[in-house]
Protein chains: 2
Amino acid sequence: MTTYSAPLRDMRFLYHELYDGAELTGLPGYEEATPDLVDAVLEEAAKFCENELLPLNRIGDEEGCTYENGVVRTPPGFKAAYEAYTEAGWPALSVDPEYGGQGMPKTLDFLIEEMVCATNLAFGTYPGLTVGAFNAIKAHGSDDLKQTYLPNMVAGKWSGTMCLTEPQCGTDLGMVRTRAVPQDDGSFKITGTKIFITAGEHDMTENIIHLVLAKLPDAPPGIKGISLFLVPKFMVKEDGSLGARNGVMCGSIEEKMGIHGSSTCVMNFDDATGWLVGVPHKGMRAMFTMMNAARMGVACQGIGLGEATYQMAATYAKERLQGRSVAGPKHPDKPADPLIVHPDIRRMLLTMRAYTEGNRALALWITRALDYVSKHPDPAVRADHEDLAALLTPIAKAFFTDCGFEVANLGVQIHGGMGFIRETGVEQYVRDARIAQIYEGANGVQALDLVGRKLPMNMGRPLRFFFHPVSEYIEAKSSDPALMEFIMPLAKSFGRLQQATGWIAQEGMKDPEQAAAAASDYLRLFGLVALAYVWTRMAEVALANMDGGEREFYAAKVATARFFMKRLLPQSSALFAALMSGADTLMDFEEAAF
Amino acid sequence: MTTYSAPLRDMRFLYHELYDGAELTGLPGYEEATPDLVDAVLEEAAKFCENELLPLNRIGDEEGCTYENGVVRTPPGFKAAYEAYTEAGWPALSVDPEYGGQGMPKTLDFLIEEMVCATNLAFGTYPGLTVGAFNAIKAHGSDDLKQTYLPNMVAGKWSGTMCLTEPQCGTDLGMVRTRAVPQDDGSFKITGTKIFITAGEHDMTENIIHLVLAKLPDAPPGIKGISLFLVPKFMVKEDGSLGARNGVMCGSIEEKMGIHGSSTCVMNFDDATGWLVGVPHKGMRAMFTMMNAARMGVACQGIGLGEATYQMAATYAKERLQGRSVAGPKHPDKPADPLIVHPDIRRMLLTMRAYTEGNRALALWITRALDYVSKHPDPAVRADHEDLAALLTPIAKAFFTDCGFEVANLGVQIHGGMGFIRETGVEQYVRDARIAQIYEGANGVQALDLVGRKLPMNMGRPLRFFFHPVSEYIEAKSSDPALMEFIMPLAKSFGRLQQATGWIAQEGMKDPEQAAAAASDYLRLFGLVALAYVWTRMAEVALANMDGGEREFYAAKVATARFFMKRLLPQSSALFAALMSGADTLMDFEEAAF
């Protein structure tokens, strides 16, 4: 009953029409990413995800991973699918050709990642983490480390992990206890226990490359004393072949609410040999390279799961006959009308659509910025786009995953009792979606990152790269009668966002608890306003194309934009009122009374 | 890690202080329900739920029910717990003494039901459905049926079910295909397949009494041709002992997202012997007797699961050390501050609290009304309270269960990565809570019931029993400076509710799709305003007691009321704007474009 067909038309709309795909092709290094090639790659990826990954999704959930004596077996079919995935070259798609990659834009890669998330989130966690580890080694590792490890990671022969969390510390990495002792040969002996390590152990690749946060003997206390180390599962010999097993073992795997096909490992490091990545005690900086990419990866999960559950729910709503339209039978020849005639079913479906398509559009604004950061020749342009991406990444991570969970739940709701039955398949998406709100920094932590780091960064510089284009756009279009119905609510909610931003900047300076108390509501407000902006821009493009040959597609865009403005954007008023009420209602409550 | 201690102080506050418990004692038949007895019963129930049911909750989830050759085995320990439960007389607590019950108020029973839901929702579904079946037989069955079946059901020796759903019909019961053929002896032969039958088969009781919707040969088409039948699993002989197995068998049980300990059965009726309950073709009326009680039972689940997850999350937030307060270390002697210092953690905990305690207070307004309906000597008073309960029941069912799911998810979120791990226990509550939004009429159906049936009922008469007391209260207290901070937002949101109600009445008359399109947002708006009312009243009582010996308890009430007004009630503005935007954005979307 799980159906999925990659939303290629929408992806092409965003890539080529909302944004100008040709601009990306114009960046040095992206010359080969022509519109035709982009479309062909999207189609190939869709086939792979629909035919190879989707059929394994429920098997992964039902069978899960198994653990025995340090060995982890992934669910039946996962290993073969992974081989097909690497053989087709998917891990290398957006990687620098220097390391064997195909050098395609990150924007294209993101859309393919979405298809993987939509069809098999658990599977996607294996290659997904490798990308983060690859990025960190590439950005901070020595040439020797890069040459030894990166090519096999790009080829998918070796996978990567991020080993941060320990039993006593998750968010607060300053409390890391894992120790690294320098050896005479320049290597380090790593000892400690890491938990919640995604893909920490599995049977898909020949080697696993762990990136591990640990403390050197002379480390300053807290977060400023963390260093990053590369620890392979198997030692790599001079000639590149695999040597002895290193001192790192999987102690157990977790039973979880969802993503059963993804192994979540306790990893025990016992005098394991490792190498420093980057500068001593500056591991957090290197780790942030991984985390920002990983956060966009998690943001992507919210979109993919949203799209998949939308499609399941829409299919069900059109097929399931139940009750009659309140306006009188619409299919009198049938024993009942399909669910889709009911306004409340449509409200749920349109909510799912408005969030999913809106978030996809916003995501591509960010991935484009990342493409500019990596390829634009002008450092000033790169810096501007880096600031925009830095600002919007925590919003994407938290807002998209909150939406993804909400959308998946609406998918269950539309299925009624059938939605609660495992065989139907949709409830798995709810359980899988739940983790995205937690890992790579819980969504409350993203909100703190937004108000505590991104807003004040460089005197508010990042904010400009969102506020300026939006206000310029509003001004430019405010006299266009066709856009009035979108521009008006956008402008109103944008005004609220500006006011809230000023308030947080001012009050937060005097009392950081004010900013922290506002953070989650502010992040959601920001997300909604950003969606209002991209929905207005999408409506503009769609309105200009209504008379062409694809009227239905563009009309649906305009109608969804309308729905978003009237039915979802009003939340901004409630969020504004809530956050402006200040921290007192939170902080005055006696701790003992909780 | 699952901890629960029944919120006895809050329950006593509501029973005796917010509402006047003595008034209930004054109703004929409730004379024995003195304050002391009520408190003693609550304490006994708390002990039972904490000691007997809670330890079985995770076992029930992990082991689930098993099916083999028509036999269903409940999880280890469930049968023994059920025996203890019936031995202690809990099923009989609020039942009429005429049938062996103890005649306690439904209000008291509801609080105990909450404890059952909080400690073991799956267990609670077994006795829970018996109550509904008991009510329907008592209200509509013949004397013979009542005498044969009710005493053993009250004693818990026999359990009951509600057999409504069939593969082709859930919400739309007019499509029922199960047939009932009259026999010469006054009995009927029932044939058909029912699905999603909670506790349809299990090993806890000697007999199971099914109440089955079916069609007689001369039935008019649709919903007006449904009759209700009693079908026992084992035939009952003249002397009351059990005879032959009846023609009803469990065909399989469902694998579900949650409530694994509750058996969800496919029931095959094959020429099963049954008896008519009530009048031919008027089965829906009898079924509604069961459904209204069942809906309050499901509403109760939202509260119970909310309370349990709140307690788990609050405990974790006070114990888990992670990060430092943004205002500077609050426990410099420890390696980190506890989570509870963070404003965003407090925001989540207070949200959980404000919904759970607010919903409990609102629920007791409804159960009191039900107590008046069943015991008050004046038929006019009974009718008034019946109208109030009819109006608020769909709101309680949908709003409380939506809140319950939201609260359970906040509980997971506060636990971070630990929340996603099954062993922690809190994620089970999310999976269990999910069904409450679906069964006994999906929440969208409750919203339609509210706007389509309850608002227009008797020219809007039921509405009066909510609108009048609220506006009188606002008027009476509007010059009390101590209450101003509560009365002002209450009055404002109440104004929105009145305006929305008028709009729905007017527009819905012209176009039913307008009312249907507004329904879900309207129901949530109504729920929030009702909570604003009960929170203001709770704050009033608490303020009056602040100088007594329990300052902390009353101060927490006032602080939570404040939080609700400032941080949650603002949603009412967004809901108002969304619903007032009308049906067009929903209905103009092309069906084919979904």
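## Observations regarding the pairing of strand β6 (residues 207-214) of chain B
Every other side chain in a regular strand lies on the same face of the sheet, so the side chains alternate between the two faces.
All names here are of chain B.
Logical step 1: With 8 of 8 residues buried, β6 lies mostly within the body of the structure.
Logical step 2: Neither face of β6 is left uncovered, since the one carrying Asn207, Ile209, Leu211 and Leu213 and the one carrying Ile208, His210, Val212 and Ala214 both have all their residues buried.
Logical step 3: For strand β3 (residues 158-163) and β6, the ladder comprises 6 bridges, and the chain directions are parallel. Across the sheet, Thr161 pairs through a bridge with His210, a residue of β6.

## Let's talk about the state of the cysteines
Residues and elements named next belong to chain A.
Logical step 1: Under the criterion given, the structure shown has 0 disulfides over all chains.
Logical step 2: Not engaged in a disulfide, the cysteine Cys163 finds its nearest cysteine sulfur in Cys265; these two sulfurs lie 9.2 Å apart.
Logical step 3: Take Cys163: its relative accessible area is 0%, and that puts it in the buried class.

## A few points about unusual backbone geometry
All names here are of chain B.
Logical step 1: For Ile259, which is not glycine, the phi torsion reads 35° and is therefore positive.
Logical step 2: With respect to the secondary-structure elements, Ile259 resides in the loop between β10 (248-253) and β11 (264-277).
Logical step 3: For Ile259, a relative accessible area of 2% translates into the label buried.
Logical step 4: The phi torsion at Glu440 lies on the positive side, around 60°, for a residue other than glycine.
Logical step 5: Residue placement: Glu440 occurs in the loop between α10 (426-436) and α11 (443-454).
Logical step 6: With relative accessibility at 18%, the residue Glu440 sits in the buried group.

## Focus: the interface of chain A and chain B
Logical step 1: At the interface, 88 residues of chain A touch 88 residues of chain B.
Logical step 2: Each partner contributes to the roughly 7,700 Å² buried at the junction of chain A and chain B, and carbon and sulfur atoms together form 63% of this total.
Logical step 3: Counting across the interface, chain A meets chain B through 45 residue pairs in polar contact (both at pLDDT 80 or more).
Logical step 4: Broken down by element, the side of chain A that touches chain B gets its largest block of residues, 8 residues, from helix α16 (residues 551-568) of chain A.

## Quick notes on the packing of aromatic side chains
Logical step 1: Going through the model one piece at a time under the given rule, you end up with 43 aromatic pairs over all chains.
Logical step 2: Look at Phe78 of chain A and Phe123 of chain A: their rings are 6.0 Å apart centre to centre, the planes differ by 70°, and that puts the pair in the edge-to-face class. One end of the pair, Phe78 of chain A, is in helix α4 (residues 78-87); the other, Phe123 of chain A, is in helix α5 (residues 106-140), and 45 residues separate them in sequence.
Logical step 3: For Phe78 of chain A, a relative accessible area of 0% gives the class buried.
Logical step 4: Accessibility expressed as a relative area gives 0% for Phe123 of chain A, which makes it buried.
Logical step 5: Both rings, one in Phe589 of chain B and one in Phe594 of chain B, keep their centres 4.5 Å apart while their planes meet at 45°; by these two values the pair is tilted.
Logical step 6: In this structure Phe589 of chain B comes out as buried when scored by relative accessible area, which is 3%.
Logical step 7: The class of Phe594 of chain B is buried, set by a relative accessible area of 8%.
Logical step 8: Members of the aromatic cluster, connected to one another through ring pairs, are Trp365, Phe466, Phe467, Tyr473, Phe494, Tyr522, Phe526 and Tyr533 of chain A.
Logical step 9: In this structure, Arg9 of chain A packs its charged tip against the face of Phe553 of chain A, placed 4.3 Å from the ring centre.

## Re the pattern of salt bridges
Logical step 1: Summed over the entire model, instances satisfying the criterion amount to 65 salt bridges over all chains.
Logical step 2: Here Arg347 of chain A makes a salt bridge to Asp344 of chain A, at a shortest N to O gap of 2.7 Å. You can see Arg347 of chain A and its partner Asp344 of chain A sitting in helix α8 (residues 343-375), 3 residues apart, about one turn around the helix. For the pair formed by Arg347 of chain A and Asp344 of chain A, the shared burial category is buried.
Logical step 3: Between Asp10 of chain B and Arg360 of chain B there is a salt bridge whose closest N-O contact spans 2.5 Å. Of this pair, Asp10 of chain B sits in helix α1 (residues 8-18) while Arg360 of chain B is found in helix α8 (residues 343-375), placing the two residues 350 residues apart along the sequence.
Logical step 4: Salt bridges sharing common partners tie together Asp10, Glu114, Glu307, Arg353, Glu357, Arg360 and Lys557 of chain A.

## Concerning the domain arrangement of chain A
All names here are of chain A.
Logical step 1: Here chain A is described as being made up of domain 1 (8-140), domain 2 (158-284) and domain 3 (454-588).
Logical step 2: Between the C-alpha centres of domain 1 and domain 3 the distance comes to 31 Å.
Logical step 3: In this assembly, 7 residues from domain 1 lie in contact with 9 residues from domain 3.
Logical step 4: Around 720 Å² of area is buried between domain 1 and domain 3 when both sides are counted, 62% of it from carbon and sulfur atoms.
Logical step 5: When the buried surface of domain 1 facing domain 3 is broken down by residue, Arg9, Phe13 and Leu18 rank first, second and third, together holding 67% of it.
Logical step 6: Counting every contact that joins domain 1 to domain 3 gives 2 salt bridges.
Logical step 7: Taken together, the links from domain 1 to domain 3 amount to 4 residue pairs in polar contact (both at pLDDT 80 or more).
Logical step 8: For the side of domain 1 that touches domain 3, the per-class residue count stands at 4 nonpolar, no polar and 3 charged.

Calculation notes
Residues numbered from 1 in each chain as written. Chains lettered and ligands numbered in written order. Predicted model: local features only at pLDDT ≥ 70, side-chain atom pairs only at ≥ 80, totals over all residues. Heavy atoms only, no water. Buried < 20%, exposed > 50% of the residue type's maximum accessible area, 1.4 Å probe, protein only. Helix = DSSP H or I, 4+ residues; strand = E, 2+ residues; numbered from the N terminus. Pairing = 2+ DSSP bridges. Disulfide = S-S within 2.5 Å. Contact = heavy atoms within 4.5 Å. Buried area = accessible area lost by both parts, 1.4 Å probe. Polar contact = N/O pair within 3.5 Å; in protein donor to acceptor, adjacent residues only side chain to side chain. Phe/Tyr/Trp six-rings, centres within 6.5 Å; stacked < 30°, edge-to-face > 60°. Lys NZ or Arg CZ within 6 Å of the ring centre and 35° of its normal. Salt bridge = Lys/Arg side-chain N within 4 Å of Asp/Glu carboxyl O. Domains from an automatic or database assignment. Nonpolar A, V, L, I, M, F, W, Y, C, P; charged D, E, K, R; others polar.

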